[in-house]
Amino acid sequence: MNILFFNTKPYDKDSFTQENKHFKHNIRFIEAKLSHDTVALIQGEPIICIFVNECVDRALMQRLSQAGVQLITLRCAGFNNVDIKAADELGITVMRVPAYSPYAVAEHTLGLMLSLNRKIHRAYNRVRDGNFSLDGLLGFDFHGRTAGIIGTGRIGALVAKLLNGMGMKVIAYDPQHHPDSDALGIHYVSLAELFTQADVISLHCPLTPDTHHLIGQQALQSMKQGAMLINTSRGALLDTKAVIHSLKSKHLGYLGLDVYEQESELFFEDFSCDIIQDDIFERLLTFPNVLITSHQGFFTQEALQNIAKITLDNITQFEQTLQSKQPLKTINKVT
Ligand code: NAD
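Since this is a predicted model, take the numbers as computed values, not measurements. (Residues numbered from 1 in each chain as written. Predicted model: local features only at pLDDT ≥ 70, side-chain atom pairs only at ≥ 80, totals over all residues. Heavy atoms only, no water.)

Asker: Would you take a moment to explain the environment of Met-168 for this structure?
Answerer: Residue position: Met-168 is located in the loop between helix 6 (154-165) and strand 7 (169-173). Judged by relative accessible area, which is 3%, Met-168 ranks as buried. With 17 residues separating them in the primary sequence, Met-168 and Gly-185 have C-alpha atoms 9.5 Å apart. Excluding anything up to four places from it in sequence, Met-168 contacts Phe-142, Gly-144, Arg-145, Thr-146, Ala-147, Leu-163 and Val-200. (Helix = DSSP H or I, 4+ residues; strand = E, 2+ residues; numbered from the N terminus. Buried < 20%, exposed > 50% of the residue type's maximum accessible area, 1.4 Å probe, protein only. Contact = heavy atoms within 4.5 Å.)

Structural data, given as structure tokens:
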């Protein structure tokens, strides 16, 4: 079956072309993101592949159905950008890559924490500018401090393990406790306790209607003065305006983001010669204690290879179930 890949970057093309030598699918790569304007680029392909920042709402899903699309395969873990109910009603299967390298995201999370604390991003610029002063670069020992992990699934558990290894006390909130929590040194508490006790809070839960703006004004007010907040999960877990307010009042001490509520307008593209219109994002960039990366937590060689392999395997499984007329039984199918 023919597959149309939307939103392809050179690194996607490289990893998928390499991995497809083992699968031999018929892939057409295009750079355009999937949208109402680009849906017409589908030339009879029954399978499309999209990424994390393409929003497929009910109206777009209907147009995909009219174009004969039978499978949307997401080359990412999160699926909050796709209307799964609409897909189900229209008979379109949605598949994803639930896990490809939790290490990649966990290690990037640690990188944000260490950089923010020791101001490595600022020191880098200073030293290159011949400024060897240490004023304003004072950090703190992570050892002996308390880390609060929200969501102890694949990534959150790894972050807990890394922080525990640095001598931090790790407390966590997750409605489902990790089976190895004792070995990982995780001590579960209520969300309210986590906010009041943690020096460093890291978000690793999915974005759902329940977790939308989980970190709002009330949560921020209950955090310790000077706390560090890290979000490598999904942008809308934070109420960004409330976070800016807390930074301005010097209550929130540090903010590290790899995701942003309105990132689909910005991330993965080069706007260095443009005027960025998002005033909230631009305000965030003015704070010296804010460090933002553009959704690169996943971006390691191992993760790209696994994403390609699992996505192409999803397509093979889908084709096989169509031929055998058996239901598709895999955890990679989004329901
Ligand atoms: P996972 O499914 O293994 O773990 C998620 C955990 O969150 C589960 O243990 C679940 O019980 C818990 N959870 C659900 N609702 C919760 C709530 N209300 N409060 C607290 N915990 C809750 O997922 P994962 O593989 O660890 O990924 C975590 C998130 O990381 C994903 O949802 C995704 O948004 C994000 N992610 C980001 C990148 C990146 O590049 N920055 C890459 C991959 C994944």
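Asker: How should the site of the ligand be read in this particular structure?
Answerer: What surrounds the ligand is a group of 23 residues, the closest being Arg-154, Ile-155, Asp-174, Thr-232 and Asp-258. In this structure, an oxygen atom belonging to the ligand sits 2.9 Å away from a main-chain N or O atom of Arg-154. Note that an oxygen atom of the ligand is positioned 3.3 Å from one of the side-chain N or O atoms of Arg-234. Within the complex, 83% of the 870 Å² of free accessible area of the ligand lies under protein. Looking at side-chain class alone, the shell around the ligand contains nine nonpolar, ten polar and four charged residues. (Near = heavy atom within 4 Å. Polar contact = N/O pair within 3.5 Å; in protein donor to acceptor, adjacent residues only side chain to side chain. Areas by Shrake-Rupley, 256 points an atom, 1.4 Å probe, with all protein chains shown as cover. Nonpolar A, V, L, I, M, F, W, Y, C, P; charged D, E, K, R; others polar.)

Asker: Would you explain the packing of helix 1 (residues 10-19) against helix 12 (residues 301-324) in this entry?
Answerer: When two helices pack together, their arrangement is captured by the angle between the axes and the distance separating the axes. With their axes 9 Å apart at the nearest point, helix 1 and helix 12 run at an angle of 55° to one another. One finds that helix 1 runs oblique with respect to helix 12. Crossing geometry of helix 1 relative to helix 12 is assigned as right-handed. Packed against helix 1, whose contacting residues are Tyr-11, Ser-15, Phe-16 and Glu-19, the element helix 12 presents Leu-304, Gln-305, Ile-307, Ala-308, Lys-309, Thr-311 and Leu-312 at the interface. (Axes fitted to C-alpha atoms, helices over the stretch in contact; angles between N-to-C directions. Parallel < 35°, antiparallel > 145°, perpendicular 65-115°, else oblique. Left-handed = near helix turned anticlockwise from the far one by under 90°.)

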